[in-house]
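Chain by chain, the residues run as shown.
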Amino acid sequence: GHFPAFLLVMAGALLYMVDFNGGAPDAKSNPRSPNHRPSLRSSLLGEDNRNIDSSTSYQRHRHFPHPRFEQGRRQYVAKRDVFSLARRASGPNALGLAGGGDADMKAADGGAKEASDEYKAGQVVSLSEDGSLKKEILKVGEGESTPKRGDTVFAHYVGKLDDGTIFDSSRERNEAFRFPVGRGRVIKGWDVGIMTMRKGEIVKLTCPPLYAYGARGSPPKIPPEATLHFEIELLKWVQGDDLTGDTGVMKKILLKGDKWQSPKEGDDITISWKGRVDGKEFASAEKQVVSLGKTKMVEAFKRALLKMKKKEKCLLTVTPQYAAADNGIGSPPTASTPPETIEYELTLHTWDPIDDMTGDGGVLKKVVKKGEGWKTPKEGDEVSLRVLGRKMNGDQYLNDSVTFILGDGSICSGLSKSLVRMKKGENSQIKVKSQYLEENRIGHPGENVTEVLFDVVVEKWAEISVIDAEMGCKKKILKSGTGYESPKDRGHVTVSI
């Protein structure tokens, strides 16, 4: 019965191994040989399409039979090569109006050679392999530096179609266009072109469809397969991300952080920082613990820390508006003439998340030691905990181990709301305001106070489930069982009572 299946397997193996052009690996099956003819298998897999390098090696390129695969390949090549393109065109690392994403943006050796010619007005610089993306310098810029990836650039532009129709203009709005270059916020032609420009340079940038809005266009102003012509003036650029929208706080990452989480207001964080004015350090601190949103600090620190990751280090370039003197941590020295900008090196080492258990700041919980597993007690469970209570002046009024049914009203609601989020063995600090400290309950300080601080350790709890509410029958698990099956009605069981 298995013999036909065996034949099918053998046939598949033979199809995989046999060269349908027949024969041993000779010149015809050697991909480096000029007499090579593709086999049936290699034609299907695209292994015959090879670019043979004249020096030492060749690179294999696969054909993707489906258009969506081909589009994916072209987008990958575009992202991979766009930085190399701008670097070879004018030197900086590089990657335009959100637009088409199917351009094959390989660096062109010819473009690099042309860009190395004398920098002057009237020069035409090719920015793509086929020469379709190009810029014509109308006015030379200042210096030799150009924007780098992530810099925030400011530019004026007028965009036209082939027939001269203006479809967009920042000059008509009398407002410079600002965007982070190389982040994919604009069409690819812009990302490539802007990163080859110098301050004050004016160019005519020609963007073919593959570097603009592609085959679909951007209705109603830009038709399908449209070549766009921009006159662009690069006014200036500033390093890093604009955190305030007015370039008042510019952030440049010096060392990337871990994971994806950022602290929130109320969290206790550990930071290090150095402040400089005109290159001279005026203050610094190492591993300083602060409460974000509560500890007084310059506005620039707050804006940056809310977007930083653990172990991230960044450079902040700040205007005096966001770093006023006598404004807490990070404040620059008082001066008769405020500096134009202030620089900070800021490092976020770690932070302790503070959870708001009630949403109004009435009960705040900070984990000191993580607990075991993932389960937490629920109302009706029997909980055993060790609790230490202190007033805000440091006076201790409670130090006890207690066992109770969660939700029966024996402990204050501030503790109860926190315990349903704690795991076995967890140690947390809980700050509770007076509205969650009910009299005659565990945790009440015995007098009217604004708030108190608890140190709580959940030692254990026993799950209690209701078997029959009418009969008042409940079950408390003393020792967890194994597996997931339970006996059926009329089944035979063996028990000890």
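Residues numbered from 1 in each chain as written. Predicted model: local features only at pLDDT ≥ 70, side-chain atom pairs only at ≥ 80, totals over all residues. Heavy atoms only, no water.

Draft legend 1. Representation of the pairing of strand E15 (residues 342-352) within the structure. Across nine bridges, the pairing between strand E12 (residues 268-277) and E15 is antiparallel. If you follow Asp268 over to E15, its bridge partner there is Asp352. Looking at chain direction, strand E14 (residues 313-318) and E15 are connected through six bridges and run antiparallel. Residue pairing for E15: Cys314 is matched across the bridge by Leu346. (Pairing = 2+ DSSP bridges. Helix = DSSP H or I, 4+ residues; strand = E, 2+ residues; numbered from the N terminus.)

Draft legend 2. Local environment of the pattern of salt bridges. Counting across every chain of the model gives 20 salt bridges. Close ionic contact of Asp268 with Lys366 constitutes a salt bridge, the shortest N to O distance being 3.3 Å. Residue Asp268 is found in strand E12, and its partner Lys366 is found in strand E17 (residues 363-369); the two are separated by 98 residues along the sequence. With a relative accessible area of 22%, Asp268 lands in the partly exposed category. For the salt bridge of Glu345 with Lys313, the shortest nitrogen-to-oxygen distance reads 3.7 Å. Highlighted residues: Glu345 in strand E15 and Lys313 in strand E14, separated in sequence by 32 residues. For Lys313, a relative accessible area of 29% gives the class partly exposed. One continuous salt-bridge network, built from bridges that share partners, spans Arg276, Lys313, Glu343 and Glu345. (Salt bridge = Lys/Arg side-chain N within 4 Å of Asp/Glu carboxyl O. Buried < 20%, exposed > 50% of the residue type's maximum accessible area, 1.4 Å probe, protein only.)

Draft legend 3. Structural context of the nonpolar core. Within the largest apolar cluster, 31 residues are counted, with the highest numbers of intra-cluster contacts made by Trp190, Ile194, Leu205, Leu228, Phe230 and Ile232. Going through the elements one at a time, strand E5 (152-160), helix H6 (188-194), strand E8 (202-207) and strand E9 (228-238) are the ones with two or more residues in this core. Broken down by element, the residue count for this core peaks at five residues, all from E9. Those residues in contact with Ile232, other than ones at most four positions away along the chain, are Ala155, His156, Tyr157, Trp190, Ile194, Met197, Glu201, Ile202, Val203 and Leu205. (Core = buried A, V, L, I, M, F, W, Y, C linked by side-chain atoms within 4.5 Å. Contact = heavy atoms within 4.5 Å.)

Draft legend 4. Structural context of the side chain of His156. Looking at the secondary structure, you find His156 in strand E5. Separated by 2.9 Å, the side chains of His156 and Ser170 make a polar contact. Among residues more than four places away in sequence, those in contact with His156 are Ser170, Arg171, Asn174, Glu175, Ala176, Glu231, Ile232, Glu233 and Leu235. (Polar contact = N/O pair within 3.5 Å; in protein donor to acceptor, adjacent residues only side chain to side chain.)

Draft legend 5. Inspection of the environment of Ala323 at higher detail. Mapped onto the elements, Ala323 comes out in the loop between E14 and E15. Here Ala323 falls in the buried class, since its relative accessible area comes to 2%. The sequence separation of Ala323 and Thr341 amounts to 18 residues, and the corresponding C-alpha distance is 9.3 Å. Residue contacts for Ala323: discarding those within four places in its chain leaves Val298, Val318, Pro332, Ile342 and Tyr344.

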